[in-house]
Amino acid sequence: MSSEIKEYLNKGAVILDVRTLDEWNEGHTKGAKHVVLTVIPLEIEKIKAWKKPIIAVCRSGGRSGQATQFLKQHGVDVINGGPWQNVDQHVVK
């Protein structure tokens, strides 16, 4: 999994954090984009307009898994990064 995360980061992937605003405010990866899971369907065009691969993250991997599934169905190049800290450790600070 971590090799896939590194590969996506090397491709310039956007880290998409799908947690709640409270969770986001408690801590998140620098440079990540925040779109709460429940509003992803409303934001799909904005997300596609980034024209970049996506690494979806949340607290445990469940919500990012749902986001990954939805985004894949809409033609987005996306992987489930699982907990945001998983991806955060690979990001150059």
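Keep in mind that what you see is a predicted model, and the values were worked out from it rather than measured.

(A) Spatial organisation of the pattern of salt bridges. Counted according to the given criterion, the structure contains five salt bridges. Across the pair Arg-63 and Glu-23 runs a salt bridge, and its minimum N-O distance is 2.8 Å. One end of the pair, Arg-63, is in helix H4 (residues 62–73); the other, Glu-23, is in helix H2 (residues 21–26), with 40 residues separating them in the sequence. Classification of Arg-63 as partly exposed rests on a relative accessible area of 22%. Owing to a relative accessible area of 12%, Glu-23 belongs among the buried residues under this scheme. With its nearest N and O atoms 3.4 Å apart, the salt bridge here joins Glu-43 to Lys-46. Of this pair, Glu-43 and Lys-46 both sit in helix H3 (residues 40–49), three residues apart, which is roughly one turn of the helix. A cluster of three or more residues bridged by salt bridges with shared partners is formed by Glu-23, Arg-59 and Arg-63.

(B) Inspection of the nonpolar core at higher detail. Within the largest apolar cluster, 16 residues are counted, with the highest numbers of intra-cluster contacts made by Leu-16, Val-18, Ile-40, Ile-47, Ile-54 and Leu-71. Elements supplying a minimum of two residues to this core: strand E1 (14–17), H3, strand E3 (54–58) and H4. With near-sequence residues (within four places) excluded, Ile-47 lies in contact with Leu-16, Ile-40, Ile-54 and Leu-71. The next biggest cluster of nonpolar side chains, apart from the first, holds 12 residues, and it includes Ala-13, Ile-15, Trp-24 and Trp-84.

(C) Representation of the packing of H3 against H4. It is at 11 Å that the axes of H3 and H4 come closest, and there the two elements cross at 55°. Classified by the angle between their axes, H3 and H4 sit oblique to one another. Note on packing geometry: the crossing formed by H3 with H4 is right-handed. Across from Ile-40, Pro-41, Ile-44 and Ile-47 in H3, the residues of H4 making contact are Ala-67, Phe-70 and Leu-71. Classifying every residue of the contact of H3 with H4 by side-chain character gives seven nonpolar, no polar and no charged.

Calculation criteria
Residues numbered from 1 in each chain as written. Predicted model: local features only at pLDDT ≥ 70, side-chain atom pairs only at ≥ 80, totals over all residues. Heavy atoms only, no water. Salt bridge = Lys/Arg side-chain N within 4 Å of Asp/Glu carboxyl O. Helix = DSSP H or I, 4+ residues; strand = E, 2+ residues; numbered from the N terminus. Buried < 20%, exposed > 50% of the residue type's maximum accessible area, 1.4 Å probe, protein only. Core = buried A, V, L, I, M, F, W, Y, C linked by side-chain atoms within 4.5 Å. Contact = heavy atoms within 4.5 Å. Axes fitted to C-alpha atoms, helices over the stretch in contact; angles between N-to-C directions. Parallel < 35°, antiparallel > 145°, perpendicular 65-115°, else oblique. Left-handed = near helix turned anticlockwise from the far one by under 90°. Nonpolar A, V, L, I, M, F, W, Y, C, P; charged D, E, K, R; others polar.

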